[in-house]
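Architecture at a glance
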Amino acid sequence: MPRARNPGNEVQRSAQERYRERLRGQQRPEADAVDTALAAALAVYRHAAEQRDSEKDVRRSDGFELMAINYLVSRGYATKMAERQVRRRVRRLDVDELIPMVSSTSQPAVPKSAPKLT
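The structure presented is a predicted model; accordingly, all values stated were derived computationally and were not measured. (Residues numbered from 1 in each chain as written. Predicted model: local features only at pLDDT ≥ 70, side-chain atom pairs only at ≥ 80, totals over all residues. Heavy atoms only, no water.)

Of the regular secondary structure elements, the protein chain holds 5 helices and 0 strands. Scanning the protein chain from its N terminus toward the C terminus, one meets helices and strands in the order α-α-α-α-α. For the protein chain, the residues scored as buried account for 18% of the 118 residues in total. Surface summary for the protein chain: the accessible area is close to 9900 Å², and the carbon and sulfur share equals 54%. (Helix = DSSP H or I, 4+ residues; strand = E, 2+ residues; numbered from the N terminus. Buried < 20%, exposed > 50% of the residue type's maximum accessible area, 1.4 Å probe, protein only. Areas by Shrake-Rupley, 256 points an atom, 1.4 Å probe, with all protein chains shown as cover.)

In this fold, Arg 46 is placed in helix H2 (residues 31–51). With relative accessibility at 6%, the residue Arg 46 sits in the buried group. When residues no more than four places from it in sequence are discounted, the contact partners of Arg 46 are Val 58, Ser 61, Asp 62, Glu 65, Val 90 and Arg 91. (Contact = heavy atoms within 4.5 Å.)

Turning to the layout of surface pockets, a few remarks are in order. To find leftover empty space, a probe the size of one water molecule is rolled over the atoms. The computed volume of the second largest pocket comes to approximately 450 Å³. As for the second largest pocket, its lining consists of 15 residues, of which Asp 35, Ala 39, Ala 68, Val 86 and Arg 89 are closest to the centre. Every element with two or more residues in the lining of the second largest pocket is listed here: H2, helix H3 (55–74) and helix H4 (79–90). Counting residues per element, the lining of the second largest pocket draws most heavily on H3, which supplies 6 residues. (1 Å grid on protein atoms, 1.4 Å probe; cavity = no way out; pocket = protein on both sides within 12 Å on 5 of 7 lines; lining within 4 Å. Points joined across faces, edges and corners; volume = space filled by probe spheres on them.)

This part is about unusual backbone geometry. Non-glycine residue Gln 27 carries a positive phi angle of around 55°. Relative accessible area serves as the criterion here: at 72%, Gln 27 is assigned to the exposed category.

Attention now goes to the environment of His 47. Topologically, His 47 is positioned in helix H2. According to the relative accessible area criterion, His 47 is buried, its value standing at 16%. As for His 47 and Arg 92, which are separated by 45 residues in sequence, their C-alpha atoms are 8.9 Å apart. The residues contacting His 47, other than those within four sequence positions of it, are Val 95, Asp 96 and Ile 99. Side chain to side chain, His 47 and Asp 96 meet in a polar contact 3.3 Å long. (Polar contact = N/O pair within 3.5 Å; in protein donor to acceptor, adjacent residues only side chain to side chain.)

Within the largest apolar cluster, 6 residues are counted, these being Leu 42, Tyr 45, Ile 69, Ala 82, Val 86 and Val 90. Elements supplying a minimum of two residues to this core: H2 and H4. If one sorts the elements of this core by residue count, H4 sits on top with 3 residues. What Ile 69 contacts, discounting residues up to four positions off in sequence, is Ala 82, Glu 83, Val 86 and Arg 87. Of all hydrophobic cores here, the second largest spans 5 residues; its members include Ala 40, Ala 43, Val 44 and Val 95. (Core = buried A, V, L, I, M, F, W, Y, C linked by side-chain atoms within 4.5 Å.)

The angle between the axes and the distance between the axes are what describe a pair of packed helices. Between H3 and H4, the shortest axis-to-axis distance is 9 Å and the interhelical angle comes to 140°. Taken together, the axis directions place H3 and H4 in an arrangement best described as oblique. In this structure, H3 meets H4 at a crossing whose hand is right-handed. Residues Ser 61, Glu 65, Ala 68, Ile 69, Leu 72 and Val 73 of H3 form the contact with H4, whose own contacting residues are Thr 79, Ala 82, Glu 83, Val 86, Arg 87 and Val 90. For the contact of H3 with H4, the per-class residue count stands at 7 nonpolar, 2 polar and 3 charged. (Axes fitted to C-alpha atoms, helices over the stretch in contact; angles between N-to-C directions. Parallel < 35°, antiparallel > 145°, perpendicular 65-115°, else oblique. Left-handed = near helix turned anticlockwise from the far one by under 90°. Nonpolar A, V, L, I, M, F, W, Y, C, P; charged D, E, K, R; others polar.)

Pasting the structure below:
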């Protein structure tokens with residue numbers, strides 16, 4: 001839910017609107033969109049690993065989840081709540097709907113230095 005405008009913060013609000021407009025013009029995603037995309041990719045990765053019965057990739061996914069949980073706990077969040085929220089994002093019920101979104105045929109080139117996930 002959007003916050004009510006604060007007249008004392010009008011200069012900052014206006015600057016933020018200009019910044020977001022510039023990002024839209026560049027078709028450059030904001031950080032929250034990148035975070036959501038990474039969560040969707042990890043959810044599809046885990047789902048695919050489970051479908052293939054790949055214990056190695058499921059363990060790898062568990063490791064990413066644990067790193068995210070540890071990060072949130074280090075930021076002051078309760079362990080139980082951090083675990084719950086991370087697992088809700090990664091072990092999604094709508095993961096089948098995400099597969100075509102993260103598996104586009106027009107995939108960007110992967111740099112040669114990128115590690116191969118097997």
